[in-house]
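# Structural description and commentary
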Amino acid sequence: MTRKPLPTEHLSPLATLVDEVLACVGYEMAAATDIIDDAVPGYGGLFDPATTPGELRRALDSVLASELTQPPVPESTDDSFILYADGSSRGNPGPAGAGAVIMDATETELARLGRPVGSRTGNNTAEYVALQLGIAELLARYEPQTLEVRIDSMTVIRDVWDGDDPTEPDVETYSEAIHTALSSVPEHRYTHLADSDPNPADALATVGTDISALGSGS
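All residue numbers refer to position in the chain's written sequence, counted from 1. Only residues with pLDDT of at least 70 get local features here, since the model is predicted, and only at 80 or more are side-chain atom pairs given and counted; chain-wide, interface and lining totals rely on the full set of residues. Computation of side-chain values covers all heavy atoms of the structure but excludes hydrogens and water.

Under an unreviewed UniProt entry, the name given to the protein is Ribonuclease HI family protein, and the organism recorded is Halogeometricum borinquense.

## Re the pairing of strand β4 (residues 146-151)
The following threshold applies: Classification of residues uses two cut-offs on accessible area relative to the type maximum, computed with a 1.4 Å probe and protein chains only: under 20% is buried, over 50% is exposed, and between them is partly exposed. Helix and strand definitions follow DSSP, with helices as H or I runs of at least four residues and strands as E runs of at least two, each counted in order from the N terminus. When DSSP locates at least two bridges between a pair of strands, those strands are taken to pair.
Burial of β4 is extensive: six of the six residues sit out of reach of the surface. Neither face of β4 is exposed, since T146, E148 and R150 on one face and L147, V149 and I151 on the opposite face are all buried. Sheet analysis places strand β1 (residues 80-89) next to β4, joined by five bridges and oriented parallel. Within β4, the residue paired with S80 across the bridge is T146.

## Structural notes on the sheet that holds strand β5 (residues 187-192)
The condition is simple: To obtain an axis, a line is fitted to C-alpha atoms, over the contacting stretch when the element is a helix, and the angle between two such axes runs from 0 to 180 degrees between their N-to-C directions.
Taking strand neighbours across the sheet as the criterion, the five strands line up as β3-β2-β1-β4-β5 in an open arrangement whose pairing is mixed. Of all strands in the sheet, those with a lone pairing partner are β3 (109-121) and β5, marking the two edges. Averaged over all neighbouring strand pairs, the angle between strand axes comes to 20°, with direction disregarded.

## Things to note about the packing of helix α2 (residues 29-39) against helix α3 (residues 53-65)
Quick note on the threshold: Crossing handedness is defined as follows: a turn of the near helix away from the far one that is anticlockwise and smaller than a right angle gives a left-handed crossing, while the clockwise case is right-handed. Every residue pair with non-hydrogen atoms within 4.5 Å of one another is taken to be in contact. When residues are grouped by polarity, Ala, Val, Leu, Ile, Met, Phe, Trp, Tyr, Cys and Pro land in nonpolar, Asp, Glu, Lys and Arg in charged, and all others, Gly among them, in polar.
Direction vectors running N to C along α2 and α3 enclose 115°, while the axes themselves pass 9 Å from each other. In the packing of α2 onto α3, the handedness of the crossing is right-handed. Two secondary-structure elements touch here, α2 through I35, I36 and A39 and α3 through L56, A59, L60 and V63. Class assignment for the residues of the contact of α2 with α3 results in seven nonpolar, no polar and no charged.

## Some words on the packing of aromatic side chains
Stated formally: In this analysis, rings of Phe, Tyr and Trp, with Trp reduced to its six-membered ring, are considered paired at centre separations within 6.5 Å, and the interplanar angle assigns stacked below 30 degrees, edge-to-face beyond 60, and tilted for intermediate values.
By the definition in use, this model includes two aromatic pairs. Geometrically, the ring pair formed by F81 and Y142 is tilted, given 5.0 Å between the ring centres and 35° between the ring planes. You can see F81 sitting in strand β1 and its partner Y142 sitting in the loop between α4 (123-141) and β4, a full 61 residues away along the chain. Residues W161 and Y190 carry aromatic rings whose centres are separated by 5.4 Å and whose planes lie at 50° to one another, so their mutual orientation is tilted. Taken as a pair, W161 in the loop between α5 (154-160) and α6 (172-182) and Y190 in strand β5 lie far apart in primary sequence, 29 residues in all. For Y190, a relative accessible area of 31% gives the class partly exposed.

## Some thoughts on the environment of T125
With respect to the element layout, T125 can be found in helix α4. Taking relative accessible area as the criterion, T125 reaches 6% and is therefore assigned buried. Through-space distance from the C-alpha of T125 to that of G87 is 7.8 Å; in sequence the pair is 38 residues apart. Each residue touching T125, except ones within four places of it in the same chain, is listed here: E9, E168, P169, V171 and Y174.

## Topic: the domain arrangement of the protein
Going by this rule: Domain start and stop positions are those given by an automatic or database domain assignment. When two parts are put together, the accessible area they lose, computed with a 1.4 Å probe and summed over both, is reported as buried area. Salt bridge, as applied in this entry: a Lys or Arg side-chain nitrogen positioned within 4 Å of an Asp or Glu carboxyl oxygen. Identification of polar contacts relies on pairs of N or O atoms within 3.5 Å, with a donor-acceptor requirement for protein atoms, meaning one able to donate a hydrogen and the other able to accept it, and with residues adjacent in sequence counted only if both atoms are side-chain atoms.
Domain annotation for the protein reports domain 1 (13-71) and domain 2 (80-212). For domain 1 versus domain 2, the distance between C-alpha centres works out to 24 Å. Of all residues in domain 1, Y27, M29 and F47 bury the most surface against domain 2, accounting for 50% of the area lost on that side. Seen at the junction of domain 1 and domain 2, the total is two salt bridges. For R141, the salt bridge identified is with E28, shortest N-O distance 2.8 Å. Taken together, domain 1 and domain 2 are joined by five residue pairs in polar contact (both at pLDDT 80 or more).

Encoded structure:
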């Protein structure tokens, strides 16, 4: 296994196991989904309605007992990067997910990341987790000197770049981790995305939300 999972809110045992698989592969959503789908018997998969919780649990246990490795890290053109981040909560609060896309300065995608956040979590918390996820993986893979974060959450922007105290309850852990990580990037700035602006991290956050919903009724 490559690393421990980043902190999460409350997750069901099934969603927690999926998050552990994601952590092992550097939160590469497509890689984790393919690995899990291959381990599910028959023609089922992670989100297939025909896959029973027992089948999924056995598949996840089998995957986690194997030697998982992160996919190869693509080379970057230079030390400048773009990071898209987005959080999603179905119900606000409800099942929540986080997504992040790392690009180089030419806007070539280097990583597509996602994870569950919690089964009873608000959207603002998911936005913090998305930014934490993206920055943590960026620093684990590269040595960025310049970073542009593209994000639609003004709550996170006011905290991280404008110096306001966090207004969302119980986000201090994520906020502090973000501030600490960004302190190692010499130059960083944000671009606020309007609701109409495309954000490639959005779809990944939605998948993270779907994972958070797994087994949440149990």
